[in-house]
Amino acid sequence: MSTLPPIVRILGYGGLIPFIICAILVQVAPTPFDFVSAESLAAYGAVICSFLGAIHWGANFRHLGNAADSAHLASAGDVGGSRWFERNAWIWGVIPSLVAWLALHVYIPVGLLMLAAMLLVQRGIDQNTYQYYFSSKAALDEFLVMRTRLTVIATLCLTWAALVMLVTMT
């Protein structure tokens, strides 16, 4: 029995469609459509990186100004949790957007690799921070499994497209 609503799984996995289609088109489409596909893939990757960063802001708004949450974390000995809500989540939430923006302004294959790396870094950080956002351990675990799958496939698409571009352009 799944703890995640079906819409979460549908939209999550459906979000892979642009990654997959654009990565395939980078390899099989004739010029200039291969470049257009690469640009589209980079733009979509940047949007997704920004979206994943924004999740931290959205989740953190729930705790904004809530002294009870800070007191609960402090009484539970979770200094990292209170620091996460007070400062780190806000900072981390904007870093993926800045990296994604930069990735759109460099040589496309390099930008694609930057976005792939950013997705992997985000997944690693989220492994340790989503615990503060989920009230159900089962839902957290199930979401992280889905998130890992999504990250792996998106990263493979971005990396594949970058390698195809590097090989075909030399």
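Residues numbered from 1 in each chain as written. Predicted model: local features only at pLDDT ≥ 70, side-chain atom pairs only at ≥ 80, totals over all residues. Heavy atoms only, no water.

Draft legend 1. Structural view of the packing of aromatic side chains. Summed over the entire model, instances satisfying the criterion amount to eight aromatic pairs. Pairing Y130 with F143 gives two aromatic rings, centres 5.7 Å apart and planes at 40°, and the pair type is tilted. With Y130 in the loop between α6 (108-129) and α7 (137-168) and F143 in helix α7, the pair connects residues that are 13 residues apart, well separated along the chain. Each member of the pair, Y130 as well as F143, carries the same accessibility label: buried. Look at F134 and F143: their rings are 5.6 Å apart centre to centre, the planes differ by 35°, and that puts the pair in the tilted class. What links up through ring pairs into an aromatic cluster is the set Y130, Y133, F134 and F143. (Phe/Tyr/Trp six-rings, centres within 6.5 Å; stacked < 30°, edge-to-face > 60°. Helix = DSSP H or I, 4+ residues; strand = E, 2+ residues; numbered from the N terminus. Buried < 20%, exposed > 50% of the residue type's maximum accessible area, 1.4 Å probe, protein only.)

Draft legend 2. A look at the pattern of salt bridges. Overall, the coordinates contain two salt bridges when judged by the stated rule. With a shortest N-O distance of 2.5 Å, D126 and R147 are connected by a salt bridge. Residue D126 is found in helix α6, and its partner R147 is found in helix α7; the two are separated by 21 residues along the sequence. Just as D126 is buried, R147 falls in that class too. Here K137 ties to D141 by a salt bridge, and the two come within 2.9 Å at their closest N and O atoms. Taken together, the residues K137 and D141, both in helix α7 and four residues apart, mark about one turn of the helix. When its relative accessible area of 35% is taken as the criterion, D141 is described as partly exposed. (Salt bridge = Lys/Arg side-chain N within 4 Å of Asp/Glu carboxyl O.)

Draft legend 3. Geometry of the packing of helix α1 (residues 6-14) against α7. Where α1 meets α7, the closest approach of the two axes is 10 Å, and the angle between their N-to-C directions is 15°. Taken as axis vectors, α1 and α7 run roughly parallel relative to one another. Helix-helix and strand crossings are classified by hand; for α1 and α7 the assignment is right-handed. Facing V8, R9, G12 and Y13 of α1, the residues of α7 in contact are E142, F143, M146, R149 and L150. Residues belonging to the contact of α1 with α7 are distributed by class as follows: five nonpolar, one polar and three charged. (Axes fitted to C-alpha atoms, helices over the stretch in contact; angles between N-to-C directions. Parallel < 35°, antiparallel > 145°, perpendicular 65-115°, else oblique. Left-handed = near helix turned anticlockwise from the far one by under 90°. Contact = heavy atoms within 4.5 Å. Nonpolar A, V, L, I, M, F, W, Y, C, P; charged D, E, K, R; others polar.)

Draft legend 4. Examining the confidence of the model for the protein chain more closely. Considering every residue of the protein chain, the mean pLDDT works out to 90; 89% of them sit at 70 or more. Per-element confidence in the protein chain ranges from a low mean pLDDT of 54 for helix α4 (residues 67-75) to a high of 98 for helix α2 (residues 16-28). (pLDDT = per-residue confidence, 0-100.)

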